[in-house]
Amino acid sequence: MNKKQHPYLLSGLMIGLVLSLFISACTTKKNTFRHRAWHNVNAHYNGYFLADEAAKITIAKIETTHKDDFSELLPIFIYPDKENVEGYSGDFDSVIKQASSVVHRHTIVNARSKVEIADAGKWIDDTYIIIGKSNLYKREYAAALESFEYVSKKYPEPEAKYPGMLWMMRTFNELKTLDKTETILDDLRNVEDLPDNRKFSRDLALITADYHIKRKSYQQAITSLEGAIELTRKKQKKARYLFLLAQLYEQQNSFDDALNKYDETLKLHPNYDMTFNAEMKKAYMYIASGQDSKSIQKHLLKMAKDGKNAEYRDQIYYVLAQVVEKDGQTELAMTYLKQSIENSISNQPQKALSFLKLGQMHYKQQDYVRAELNYDSAVTFLSEDYPDYNKVKTTQKNLSGLVENLNTIALQDSLQVLALMTPKERKKAINNHIKILQEKELAEDAEAKRLAAIREQNVADTKSANVKKTSSKAWYFYNPKTVEFGKSEFQNLWGDRKLEDNWRRSDKIQNDAGADDDFAGDEERDDSNDEKEQNGVTEEKYTAEFYLKDIPLKKEELDASIAKSIEAYYNVGLIYKEQFANNQKSVETFEELLKRYPDNKYQLTIYYQLYRTYLSMGNKTKSNYYKNILLNKHPNTTYAKLIQSPNYVNNIAADKDEVEAFYGATFTAYKNKQFQQVIINSTRADSLYGANAIIQKFDYLRALSYGETHQDSLFKEALTKIVAKHPQGAIKEEAQTLLDLLDKQTHEVTPPPIVKDSVEVPVPVRPNFTFEDEAPYNWVISFSKDSAHLDKFTLLLENITLQYFKKDSLQIDSISVDSLRYTFVVKTFKNKAHGLKYYQFYKAKPTLFVGVINEEQSCIVSNKDLALITDSTTLAQYFTFFARKND
């Protein structure tokens, strides 16, 4: 037969031959040239290529939708965050599935051991990298490291091994296990066979820069990033790296270099977001380098008028504020900050920064009321990831505590003035107040509408310029068909706030205080007021009865009002001194309190505070004035002795009285259920007195305050820190007891309540006290609250303990066991004998506390037994037990 006579037979033979070759080549257990070639071709085109392209598409989607925060260092590598990673997991799962199929079908293995032959398959290492990369973007770090480590250890070729190590470094950087990144970097520095290609060198430089940035080693990051930029060809990537490089130079205060890099960024024509922010950053660099501000202002104002910048006007005005503030134009800077807030469309981080800057400027001017308003707004919008968030939050809380007391003073002053009027005068004053209130709210309505018009115009400008908005939902509420105008304006300006009475800042501050909100006009009037008036119902705050009911017309009511004023004045004086370090405001407040209420209960304490504060201010005349009052008119008081006796003073640590005064104020706040103030004070104490032994008492009060305010996670966290931070003493044991109770409550299921026919009264059972010899002990004293001079007692006890038992490093604390008695604990003695020595010292001085406390009882108690004393009953039982044991 020849080919022409039998073509179909020849074709059949050819097909059979191809099929036999295909079937034999499919096996993964033969490492021949023919098998390797077949598997490499199929691995590449039937699996790896498709998986790689799918991964690239998903990563490009992540990078495209990512919104950079230009106020922070730009990330070199963009990954999904925790909130949106699920949206990409399905895509990456498909990539992993396809790549895994390649590994399964085309990995050539040893026929006997079934172990992969590393250099047989050309695309298997790359496929493992795709699997690891997909897991990295899914935030499945352990699985990612498993793939990368396998590649780096299994494949000896530099083109496979070292890229695996690079991806390991990227993963460790994301995990912030930077010591492991550093180990790999050290390894790579000592090898000579690194791949000699642009991509590998660029990736190594970028990963190294990322490592140094996370280490905050910015100078080393600059060097690495400059090398990466030289090896980068894509303009958008290069622009991003140049912008980051400029930010790094800015971090190093190399403003000229930063300015040059921002200029280089602009020359690459990046997206408009980056272009705009590069322009803003250039303005900052001009400010920092001291260049002519007039030309900068002119350029920025021109940008603000440009319609395509409508979405960015808040940022432009914010930068303008920085420019003019540097020139000393404080009022103009504040005006620009208000314009920044007014023009904010959907950029909450910028709104937070503008509120914060305005608050800081008011704070610097010691206008604490306006500062509080702006700090409060800043915290509303500020992300908890903001570097100084905790510091800002603390300042806001401190300001809030101050303003709360100032409001109390203003309110009580107003009520006391009204109380002294005739009924006719009182009625006239209240009607005038209502009229002013109504006029103010009308003005607020008009201002709110003006701001709404500004925002609507910004939106229109943004749309006409085809500028992409941050959020497509940001302006739905300007359609009157969808939601009420008032609600929308409130949410747009103030965000999601707790539903409560008097949410508006104009209502939170009493009008009589004379403090106007910078942004009162930003708040929309509650339309329900108009609805009530239309229905013939007058809102309560527009009626005279609303104000008359609180006026202290009876003597006991007036006394209570005055007591509130005194307490508020005293708190304000302490806050100025302790929280704001503003001695001038502190002495002014204390002196005003003495002027208005000279015989107030804090009189002697204030004299001493004024003596000490004026002394620290270098005002000897004033300091001596208050010192002489104490020495001449109150010579037998503890305060006079503190001034008079050098030895008395020398036995007290330099800041001991200051620490104790602050703790006393904090403890008073706790007793008065001012738990937020306790938390603020305790946080402040951490920075002021962190090394002082008394800090554990602050820590414990803070933990209890978290519990009282139902902040359960913070409560447990604070208790856990106490146990770790203060491993010795009763406070640690108390914290551990509370932790054990919390754990018990967490794990136990509470049975449903059942109804019984009769109620059984439990018989009191005495705890099993032990009175061990070698256990740590405490001295306990309990006395009636009736006629007790608590300040004198605590000061005397502190001084005696410090003077006669200084080597024992004792601490004084209080425990609550009875609403009618005070109970104090001196702790901790190393054993019973040392505790008895202190007890006998007190017993040998029966007149020690005469005239200070009464009906006292004292004893010593071990830490173990102290934990069993939980109320007045168990305390009484222990005193009986102690008396019998100590006979």
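If you're wondering where the values come from, they're calculated on a predicted model, not measured in any experiment.

Each pair of packed helices gets described by two things: the angle between the helix axes and the distance between those axes. Viewed as axis vectors pointing N to C, helix α5 (residues 141-154) and helix α6 (residues 158-175) meet at an angle of 155 degrees, and their least axial separation amounts to 7 Å. By the angle between their directions, the pair α5 and α6 is classed as roughly antiparallel. Classified by chirality, the crossing of α6 by α5 is left-handed. From α5, Y141, L145, F148, E149, V151 and S152 reach across to α6, where they touch A160, K161, G164, M165, W167, M168, T171, F172, E174 and L175. Among the residues forming the contact of α5 with α6, the class breakdown is 10 nonpolar, three polar and three charged.

Another aspect to go through is the packing of aromatic side chains. For the structure shown, the criterion picks out 41 aromatic pairs. Where F793 meets F849, the ring centres are 5.0 Å apart and the plane angle is 55 degrees; that geometry is what we call tilted. Highlighted residues: F793 in helix α35 (residues 790-804) and F849 in the loop between α36 (832-843) and β4 (857-862), separated in sequence by 56 residues. Of the residues examined, F793 reaches a relative accessible area of 0% and is grouped as buried. For F849, a relative accessible area of 4% gives the class buried.

Once that is clear, we can look at the sheet that holds strand β3 (residues 821-829). Strand order in the open sheet formed by four strands is β2-β3-β1-β4, and the pairing between neighbours is antiparallel. Of all strands in the sheet, those with a lone pairing partner are β2 (811-815) and β4, marking the two edges. Averaged over all neighbouring strand pairs, the angle between strand axes comes to 25 degrees, with direction disregarded. Where strand β1 (residues 777-784) and β3 come together, eight bridges link them in antiparallel fashion.

End to end, helix α38 (residues 872-885) covers 20 Å across 14 residues, agreeing with the expected 20 Å (1.5 Å per residue, within 8%). Considered for burial, the residues of α38 that qualify are T874, L875, Q877, Y878, F879, F881 and F882. Packed against the buried residues of α38 are β1, β3, α36, β4 and α37 (863-866).

To continue, consider the confidence of the model for the protein. Averaged over every residue, the pLDDT of the protein is 77; residues scoring 70 or more account for 75%. Confidence over residues 465-538 falls short of pLDDT 50; this stretch has 143 contacts with residues more than four positions distant or in other chains. Between residues 747-764, whose pLDDT stays under 50, and residues either more than four places distant or in other chains, the model counts zero contacts.

Of all hydrophobic cores here, the largest spans 68 residues; its most connected members are L300, I316, I606, L610 and Y626. If we ignore the near neighbours within four places in the chain, the residues touching I606 are Y570, F590, L593, L594 and N600.

Here we come to empty space enclosed by the protein. One water molecule sets the probe size; rolling that probe over the atoms shows where empty space is left. Across all of its chains, the model carries one cavity of 30 Å³ or more by this definition. In this structure, the largest cavity occupies an estimated 30 Å³ of space. In this structure, the largest cavity is lined by W779, L797, I800, Y838, F841, Y842, L848 and F849. Of all the secondary-structure elements, those providing two or more residues to the lining of the largest cavity are α35 and α36. Per-element accounting of the lining of the largest cavity gives the leading share, three residues, to α36. In terms of residue class, the lining of the largest cavity is built from eight nonpolar, no polar and no charged.

This part is about the pairing of β1. Among the eight residues in β1, eight count as buried, and that is most of the element. Residue alternation in β1 divides its side chains into two sets, Y777, W779, I781 and F783 and N778, V780, S782 and S784, and both sets are buried. Note that β1 and β4 share six bridges and pair antiparallel. Looking across to β4, one finds that Y777 is bridged to S862.

This paragraph deals with helix α15 (residues 330-342). Count 3.6 residues to each turn of an α-helix, and residues three or four apart come out pointing the same way. Given a rise of 1.5 Å per residue, 13 residues ought to cover 18 Å, and the 18 Å separating the end C-alpha atoms of α15 matches this to within 8%. Inspection of α15 places A333, M334, Y336, L337, S340, I341 and E342 among the buried residues, and these make up the whole buried set.

Attention now moves to the packing of helix α13 (residues 293-305) against helix α14 (residues 313-326). Running from N to C, α13 and α14 cross one another at 165 degrees; their axes reach a closest spacing of 10 Å. Judged by the inter-axis angle, α13 sits roughly antiparallel to α14. In the packing of α13 onto α14, the handedness of the crossing is left-handed. Facing S293, I296, Q297, L300, L301, M303, A304 and K305 of α13, the residues of α14 in contact are R313, I316, Y317, V319, L320, V323 and V324. Per-class residue counts for the contact of α13 with α14 are 11 nonpolar, two polar and two charged.

Once that is clear, we can look at the pattern of salt bridges. Throughout the structure, instances matching the rule amount to 28 salt bridges. Ionic pairing is found between D93 and K138, a salt bridge with its closest N-O pair at 2.6 Å. Residue D93 is located in helix α3 (residues 86-106), and its partner K138 is located in the loop between α4 (124-137) and α5; the two are separated by 45 residues in the primary sequence. On the basis of relative accessible area, D93 is assigned to the partly exposed category, the value being 38%. Because the salt bridges share partners, they merge into one network encompassing D52, E53 and K56.

Turning to a negative patch on the surface, a few remarks are in order. On the surface, a cluster of negative charge is contributed by D69, E72, D81, E83, E384 and D385. Its place among the elements puts D69 in the loop between α2 (33-65) and α3. For D69, a relative accessible area of 38% corresponds to the partly exposed category.

Tracing the sequence through the fold places N628 in helix α27 (residues 620-633). The partly exposed category is assigned to N628, whose relative accessible area is 35%. Placed 17 residues apart in sequence, N628 and Y611 show a C-alpha to C-alpha distance of 9.3 Å.

Inspection of the secondary structure assignment puts N343 in the loop between α15 and α16 (348-364). N343 sits in the buried class, given a relative accessible area of 8%. In this structure the side chain of N343 is engaged in a polar contact, spanning 2.7 Å, whose partner is the backbone oxygen of Q339.

Conventions adopted
- Residues numbered from 1 in each chain as written.
- Predicted model: local features only at pLDDT ≥ 70, side-chain atom pairs only at ≥ 80, totals over all residues.
- Heavy atoms only, no water.
- Axes fitted to C-alpha atoms, helices over the stretch in contact; angles between N-to-C directions.
- Helix = DSSP H or I, 4+ residues; strand = E, 2+ residues; numbered from the N terminus.
- Parallel < 35°, antiparallel > 145°, perpendicular 65-115°, else oblique.
- Left-handed = near helix turned anticlockwise from the far one by under 90°.
- Contact = heavy atoms within 4.5 Å.
- Nonpolar A, V, L, I, M, F, W, Y, C, P; charged D, E, K, R; others polar.
- Phe/Tyr/Trp six-rings, centres within 6.5 Å; stacked < 30°, edge-to-face > 60°.
- Buried < 20%, exposed > 50% of the residue type's maximum accessible area, 1.4 Å probe, protein only.
- Pairing = 2+ DSSP bridges.
- Expected span 1.5 Å × (residues − 1).
- pLDDT = per-residue confidence, 0-100.
- Core = buried A, V, L, I, M, F, W, Y, C linked by side-chain atoms within 4.5 Å.
- 1 Å grid on protein atoms, 1.4 Å probe; cavity = no way out; pocket = protein on both sides within 12 Å on 5 of 7 lines; lining within 4 Å.
- Points joined across faces, edges and corners; volume = space filled by probe spheres on them.
- Salt bridge = Lys/Arg side-chain N within 4 Å of Asp/Glu carboxyl O.
- Patch = residues over 30% accessible without salt bridge, like charges linked within 9 Å, V, L, I, M, F, W, Y side chains within 5 Å.
- Areas by Shrake-Rupley, 256 points an atom, 1.4 Å probe, with all protein chains shown as cover.
- Lys, Arg positive; Asp, Glu negative; His and termini not counted.
- Charge placed at Lys NZ, Arg CZ, Asp CG, Glu CD.
- Polar contact = N/O pair within 3.5 Å; in protein donor to acceptor, adjacent residues only side chain to side chain.

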